[in-house]
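Chain by chain, the residues run as shown.
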Amino acid sequence: MAAPSKATVLLKAVKKITVQFCPFESNVRSTREFLALVGSEKARSTNMNCEVIPVVKHDKSEPVVDVTYVDGERLVMKGGKLTCLEMLSAFQSRCSDKDPQTKAGANK
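Just so it is clear, the structure is predicted and the values come from calculations on it, not from any experiment.

Asks: Help me understand the side chain of Thr-68, please; the structure alone is not making it clear to me.
Replies: Examined against the element boundaries, Thr-68 turns out to sit in strand E3 (residues 64-69). Exposure remark for Thr-68: the relative accessible area of 15% places this residue in the buried category. Discounting chain neighbours no more than four positions away, the residues touching Thr-68 are Val-14, Lys-15, Lys-16, Glu-73 and Arg-74.

Asks: What should I look at first to understand the pairing of strand E4 (residues 74-78) in this one?
Replies: Consecutive side chains of a regular strand alternate in pointing toward one face of the sheet and then the other. Because side chains alternate across E4, one face comprises the buried residues Leu-75 and Met-77, and the other comprises Arg-74, Val-76 and Lys-78, none of which is buried. As paired elements, E3 and E4 share five bridges and run antiparallel to each other. For Thr-68, the partnering residue across the bridge sits in E4 and is Arg-74. Linking E3 to E4, which pair antiparallel, is a turn of four residues; within it Gly-72 sits at a positive phi near 95 degrees.

Asks: How should the environment of Val-55 be read in this particular structure?
Replies: Structurally, Val-55 can be placed in strand E2 (residues 51-56). Exposure remark for Val-55: the relative accessible area of 26% places this residue in the partly exposed category. C-alpha of Val-55 to C-alpha of Val-65: the two residues are ten residues apart in sequence and 9.9 Å apart in space. Ignoring sequence-local partners within four residues, the contact set of Val-55 consists of Thr-18, Val-19, Gln-20 and Phe-21.

Asks: Any chance you could explain unusual backbone geometry here in plain terms?
Replies: A negative phi angle characterises most non-glycine residues, just as the trans form characterises most peptide bonds. The phi angle at Lys-60 is positive, at roughly 60 degrees, despite the residue not being glycine. Within the secondary structure, Lys-60 is located in the loop between E2 and E3.

Asks: Is there a simple way to explain the nonpolar core in this structure?
Replies: Where a protein is soluble and globular, its nonpolar side chains tend to be buried together. Core analysis: the biggest nonpolar cluster contains 25 residues, and Val-14, Ile-17, Phe-34, Val-67 and Phe-91 have the highest contact counts within it. The set of elements that each furnish at least two residues to this core consists of strand E1 (14-21), helix H1 (29-38), E3, E4 and helix H3 (84-98). Of all the elements, H3 adds the most residues to this core, at five residues. Apart from the residues within four sequence positions on either side, Val-67 is in contact with Val-14, Lys-16, Ile-17, Glu-73, Arg-74, Leu-75, Met-77 and Phe-91.

Asks: Please clarify how the sheet that holds E4 should be interpreted in this entry.
Replies: Backbone hydrogen bonds are what pair the strands of a sheet, in a parallel or an antiparallel way. The strand order across the open sheet formed by four strands is E2-E1-E3-E4, and the pairing between neighbours is mixed. Unpaired on one side and paired on the other, E2 and E4 mark the two borders of the sheet. Neighbour-to-neighbour, the strand axes of the sheet open up by a mean angle of 10 degrees, direction not taken into account. Summarising the sheet, E1 and E3 pair through six bridges and their orientation is antiparallel. Pairing of Val-14 across the sheet is with Tyr-69, part of E3.

What counts, and at which threshold
Residues numbered from 1 in each chain as written. Predicted model: local features only at pLDDT ≥ 70, side-chain atom pairs only at ≥ 80, totals over all residues. Heavy atoms only, no water. Helix = DSSP H or I, 4+ residues; strand = E, 2+ residues; numbered from the N terminus. Buried < 20%, exposed > 50% of the residue type's maximum accessible area, 1.4 Å probe, protein only. Contact = heavy atoms within 4.5 Å. Pairing = 2+ DSSP bridges. Core = buried A, V, L, I, M, F, W, Y, C linked by side-chain atoms within 4.5 Å. Axes fitted to C-alpha atoms, helices over the stretch in contact; angles between N-to-C directions.

As structure tokens, this is what we get:
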């Protein structure tokens, strides 16, 4: 399970990430890779208040990533049909839209 190593994950604008999957299903690889990226020490150090909650089920449910941002908005990604890169891209684009430092840098 090799996650993309060059990806930098910033959790500044994130309040909570819930990653739910059944480990015995064949379509959970990308979801587990996404969990490894957002759950890493490097990513977690960008926002110590962000909760990363893995929910492991044994009910053949579809893998789901539920992201709650500090402004209350939610992003729900169904990982069964997405790659890790697609999920990370959607997550990072939404995070950069909500990060005030990124907005200030773009306005200069």
